[in-house]
Each structure stands twice: as C-alpha cells, then as structure tokens.
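# Summary of the model geometry
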Amino acid sequence: MAVVGWLGQKTIDGYTYLADLSALVVQSFRELVTPSRQGRGEAFRVIIRQILFTGVDALPVVSAIALMVGIIIITQAGTQLPRVGAGGLVGNIIVVVVIRELGPLLTAFIVVGRSGTAITTELGNMRVGQEVAALELMGIRVTRFIVMPRLVGMVLSMVCLTLYFDAVAVLGGFVVAKIKLTVPFAVFAQAVTQSLSFADVAVTAIKGVLFGTAVAAICSYHGLSVRSSYTEVPQQTTRAMINSVTICLLLDILVTVTVYF
C-alpha cells in the first residue's frame, strides 16, 4: 500500500508540475500576442540580451561539439559500413543520426547547461532580493516582463543553433570523408541531399521550438519557485537542469514516434 500511495503521489505531483508549466507557457505566448505598451521596450531589450547570450555567445562551443560529432560519426560510418556492403549509406547516417536526432538534442543539452541554469539562477536571485515582489507591487506583470522575453529569445536561439549545429556537423563529416575516405565533395553532398528531405529540416526546426519553449519555461518556473533563501537557488537550478533534459528527451521521443513511425 505504501508503494501504491507513493506512486499515486508522484503521479499527482507530476501532473500538477506539467499543468503549471503549460499554464506558464500559454500565459507567456498570450503576453506576446497581446498589444500593450507597458514594458515593451524593456521586454525587447531582454529578448535581445537573451538571444546574444544563448545564441551568439554559444557559437564557439556549439561549433566545436558539432565538428567533433560529425567527425566521429563519419569516421565510424565510413570505416564500418563498407565492411557489410553498405558504404552508400553514409548520407543516410548523417541525416538520421545528426540532423534528425543528435543535432536538436545536443544543442538542447548545451543550452540547458549554459543558458537554462543561468536563467534559473538569475530569477532565483531576483526572487530572494525581492526584485520580483517589487515588480508585482508596481503592477508590472512578471510573466510579461520576465518570462515571455526569455522564452522568445530562447526559442529563436535554439532553432538557429540547431540548424547551425547540423550544418557544422555535416561539414565536419565531409572533412573526414575527404581526408580519411577520399570521397569527392560532389559525391558526399549528393549522398546527403538525396537522403535529406524538407520534412527532416521541418522536424528539426520543430524540435528546436519545442526544446526552447520547454527549457525556458522549466528554468523560469524553478527560478521563480525560490522563496526566501539563497540556498534554494542551487537546489532549484539542479532540478531545472534535470527536468529540462528529461522533458527534452520525452519531447524528442514524442516527435520522432509521431513523424517517422
């Protein structure tokens, strides 16, 4: 009975958590499309800062990881596939492994580690420092001023970084194919383009939107969940990181199963 009660409580907690996140996302998008001059300039500045921090500042680390991933995948595929008579499937491997799956997921993990934790820490410190309470007392909606700009900036950055990750990984794969496997660029490009479809690019972009929305909402939610002590900030940051990774994996499975099965 104790196990049943524990499972029941966890189920209720999980449902409540997802309901709160969904409400936060809906309210944020409602703030985005609702015309209002209150805090518009500051919200726009927060969006720009979020794009610069999440997107532009992350380009070096994303480039390095994408290049290494492309090199590793093509090295393994180019050396192992010909042994089983499947050397012509290198393009399919790039599309399936990198563009469909690893590109969006690894980009999301990088963003969670860099920007997601920063959002939770920032909002947690604002909550402890009574800055959020001050905004509420001034009649400024927290969702419009704090959550919505970070969500918009995160989504835009995530989509762009995902597409950039895919492009760099394919470039890294070609470098290996050219040096290690002596494959001409025309042959490599043809193999990739023949395997790549518009649906693959669209699904990758959709995953970027979903992952960006999930990471921004989860990290903002946990940051605003801090109450009165600075010791709560690292605790909520850890929870935000774990939950962001978990939700991104679940969303990836949902999209992949829906589209490709």
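Structure shown above.
Residues numbered from 1 in each chain as written. Predicted model: local features only at pLDDT ≥ 70, side-chain atom pairs only at ≥ 80, totals over all residues. Heavy atoms only, no water.

## Brief notes about the overall build of the protein chain
Along its length, the protein chain carries nine helices and zero strands. Reported as C-alpha extents along the three principal axes, the dimensions of the protein chain are approximately 65 × 55 × 35 Å. Burial statistics for the protein chain: of 261 residues in total, 44% are counted as buried. Sequence-distant contacts in the protein chain: of pairs separated by 6 or more residues, those separated by 24 or more amount to 86%. If you sum the accessible surface of the protein chain, you get close to 13,300 Å²; carbon and sulfur atoms cover 71% of it. (Helix = DSSP H or I, 4+ residues; strand = E, 2+ residues; numbered from the N terminus. Buried < 20%, exposed > 50% of the residue type's maximum accessible area, 1.4 Å probe, protein only. Contact = heavy atoms within 4.5 Å. Areas by Shrake-Rupley, 256 points an atom, 1.4 Å probe, with all protein chains shown as cover.)

## Some remarks on the side chain of R127
Within the secondary structure layout, R127 lies in helix α4 (residues 90–128). At 4.3 Å, E136 is the nearest oppositely charged side chain to R127, a buried residue that forms no salt bridge. (Lys, Arg positive; Asp, Glu negative; His and termini not counted. Salt bridge = Lys/Arg side-chain N within 4 Å of Asp/Glu carboxyl O.)

## Brief notes about the packing of α4 against helix α9 (residues 232–260)
Packing of α4 against α9 brings their axes to within 9 Å, and their N-to-C directions diverge by 150°. On the basis of their axis angle, the class for α4 and α9 is roughly antiparallel. When the axes of α4 and α9 are compared, the crossing they make is right-handed. When α4 is examined against α9, the residues R100, E101, L105, A108, F109, V112, T117, T120, T121, G124, N125 and V128 are found in contact with a partner set consisting of V233, Q236, T237, A240, M241, S244, V245, C248, L249, D252, T256 and Y260. Each residue belonging to the contact of α4 with α9 can be placed in one class, and the counts come to 12 nonpolar, nine polar and three charged. (Axes fitted to C-alpha atoms, helices over the stretch in contact; angles between N-to-C directions. Parallel < 35°, antiparallel > 145°, perpendicular 65-115°, else oblique. Left-handed = near helix turned anticlockwise from the far one by under 90°. Nonpolar A, V, L, I, M, F, W, Y, C, P; charged D, E, K, R; others polar.)

## A closer look at unusual backbone geometry
Despite not being glycine, Q130 shows a phi value in the positive range, around 65°. Turning to its location among the elements, Q130 is positioned in the loop between α4 and α5 (131–137).

## Here we look at a nonpolar patch on the surface
A grouping of F44, I48, L52, V56, L59 and Y164 is seen on the molecular surface, where their side chains present a nonpolar patch of about 510 Å² in accessible area. Examining the composition of the nonpolar patch, we find that four residues originate from one element, helix α2 (residues 40–56), more than from any other. Relative to the helices and strands, Y164 resides in helix α6 (residues 142–179). Look at Y164 and you get partly exposed, because its relative accessible area is 31%. (Patch = residues over 30% accessible without salt bridge, like charges linked within 9 Å, V, L, I, M, F, W, Y side chains within 5 Å.)

## Overview of the packing of aromatic side chains
One pass over the structure, following the stated rule, counts one aromatic pair. Here the aromatic rings of Y17 and Y221 are separated by 5.5 Å at their centres, their planes lie at 80°, and the arrangement is edge-to-face. With Y17 in helix α1 (residues 2–33) and Y221 in helix α8 (residues 198–224), the pair connects residues that are 204 residues apart, well separated along the chain. For Y221, a relative accessible area of 23% gives the class partly exposed. Positioned above the aromatic ring of F53 is the side chain of R114, whose terminal nitrogen or guanidinium carbon lies 4.8 Å from the ring centre. (Phe/Tyr/Trp six-rings, centres within 6.5 Å; stacked < 30°, edge-to-face > 60°. Lys NZ or Arg CZ within 6 Å of the ring centre and 35° of its normal.)

## Regarding the environment of E136
For E136, the location among the structural elements is in helix α5. Look at E136 and you get partly exposed, because its relative accessible area is 44%. In sequence terms E136 and T121 are 15 residues apart; their C-alpha atoms lie 20 Å from each other.

## Digging into the pattern of salt bridges
The final tally for this structure, using the stated rule, is six salt bridges. Measuring nitrogen to oxygen at the nearest pair gives 2.7 Å for the salt bridge that ties E31 to R141. Taken together, the residues E31 in helix α1 and R141 in the loop between α5 and α6 connect sequence positions 110 residues apart. Under the relative-accessibility criterion, E31 is labelled buried at 7%. When its relative accessible area of 37% is taken as the criterion, R141 is described as partly exposed. A salt bridge links R144 to E31; its shortest N-O distance comes to 3.4 Å. Residue R144 is found in helix α6, and its partner E31 is found in helix α1; the two are separated by 113 residues along the sequence. A cluster of three or more residues bridged by salt bridges with shared partners is formed by E31, R141 and R144.

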